[in-house]
Amino acid sequence: MDIEKIYGFVTPASKNETHKQDVNGKEIGASEKLYGILSEIFSRVESKCDIPIKFLSINGTQNNPVLLKIKDLDNSFSYENVFWLADLLSNCTDKTMKKGLFFIAKMKDGNKSRIALCRIPAEEGITVKSEKSNLQFDVLEDVFIKNSHKFKLAFFDSVDDFMEGKATDKQINDTKKIRYLSDYWVKDFLSCELTITPKRGTKMLAEAIRKTIEVTENETVQKELTSVIPVIQNVNTQKTSFDGFFSLMHLSEETKNEVLQKLTINPTVQFQIDSEEFNNTCTYQFMIMDNGAIAIAPSNEFNSIWTIEKKQEKVLIKSFGTVVKTKYKQKV
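This one's a predicted model, so the numbers in the text were calculated from it and none came from an experiment.

Participant: Give a detailed account of the layout of surface pockets, specifying residues and quantitative values.
Facilitator: Considered as a void within the structure, the largest pocket measures approximately 1000 Å³ in volume. In this structure, the largest pocket is lined by 29 residues; those nearest its centre are Gln222, Gln285, Phe286, Met287 and Ile308. Mapped onto the lining of the largest pocket, the elements with two or more residues apiece are helix 6 (198-215), helix 7 (219-228), strand 13 (284-288), helix 11 (302-305), strand 15 (307-311) and strand 16 (314-318). Residues belonging to the lining of the largest pocket are distributed by class as follows: eleven nonpolar, nine polar and nine charged.

Participant: Describe in detail the packing of aromatic side chains, supporting the description with residues and values.
Facilitator: Tallied over the entire structure, the rule returns ten aromatic pairs. Both rings, one in Phe102 and one in Phe189, keep their centres 5.8 Å apart while their planes meet at 90 degrees; by these two values the pair is edge-to-face. Highlighted residues: Phe102 in strand 4 (residues 100-109) and Phe189 in helix 5 (residues 183-189), separated in sequence by 87 residues. Just as Phe102 is buried, Phe189 falls in that class too. Joined through ring pairs, the aromatic side chains of Tyr7, Phe9, Phe77, Tyr79 and Phe83 make up one cluster. The ring of Phe155 carries the charged tip of Arg114 above its face, separated from the ring centre by 4.4 Å.

Participant: Requested: an account of helix 3 (residues 65-75), with residues and values cited.
Facilitator: Every buried residue of helix 3 is listed here: Val66, Leu67, Lys69, Ile70 and Leu73. The buried side chains of helix 3 occupy one side of the element, clustering within an arc of 165 degrees when seen end-on. Buried residues in helix 3 make contact with strand 3 (51-55), helix 4 (79-92), strand 4, strand 5 (112-121), strand 8 (152-157) and helix 5.

About the cut-offs
- Residues numbered from 1 in each chain as written.
- Predicted model: local features only at pLDDT ≥ 70, side-chain atom pairs only at ≥ 80, totals over all residues.
- Heavy atoms only, no water.
- 1 Å grid on protein atoms, 1.4 Å probe; cavity = no way out; pocket = protein on both sides within 12 Å on 5 of 7 lines; lining within 4 Å.
- Points joined across faces, edges and corners; volume = space filled by probe spheres on them.
- Helix = DSSP H or I, 4+ residues; strand = E, 2+ residues; numbered from the N terminus.
- Nonpolar A, V, L, I, M, F, W, Y, C, P; charged D, E, K, R; others polar.
- Phe/Tyr/Trp six-rings, centres within 6.5 Å; stacked < 30°, edge-to-face > 60°.
- Buried < 20%, exposed > 50% of the residue type's maximum accessible area, 1.4 Å probe, protein only.
- Lys NZ or Arg CZ within 6 Å of the ring centre and 35° of its normal.
- Arc of directions from axis to C-beta.
- Contact = heavy atoms within 4.5 Å.

Encoded structure:
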């Protein structure tokens, strides 16, 4: 998509502040060096934003003020309309998030249009004055770094009537496989919520459960979670939230708390359970004994393949079948 126009604003941290600082902004001209930097960011917004979001309904209707303003921008991409969003962002920003630069662009491709938004936080920088007889270091606040990796991005397209979009939040630890968006960016400012596909939501939950099974020292937690795997198909296609899943499966609070600690997403986000994706993620279950024995089976069939008998502090593991192949590996 081609960029039609870009506006930029300085958005102070005004939330809960008695004396609010002014929000200042201007159109970024195509001849300005900053325009080239922003063009590069906005041209890649689709590849950078990988988390689906949608606007919250207000009293059961679609009269969401931010959605309505985004639609206004498609008709009139004016300073006044853009300022409304910049001022809202400032009022949502507290001192922990600091002052920021806010950029918003309108993009076009034929009859299709896109509204893209970007926030870059202020950071501290160091300047150096070096002379033969004097070396001076100064710390500057509210420095904005050209190649900062802490930006927030979102975009909404006309093909979806601007109802749905995608976002990313690089201020959250970007090394994690499970991506997360701060409520500050998505809920407070954009007035949106995450939309998690059945496969994505189920995969995130299954990965957290698998990790908990591997690392927990709580035998009850491990037993409860392994018991879920064979019966996950019983709740296939049911809609739940990450924290609601544990009530659905009649699991304890301690089990829920251990698993939720492995998730970096709002636990109230809802999704539809995909039992096939769950079993693909929790593929195999291992049981490692202190005598060197290892029992392994598909996770959803482990308890039917292996018979486990507890004998005081020990367990006896048995399986009955025909040997079809023997393998030797250096490491499991």
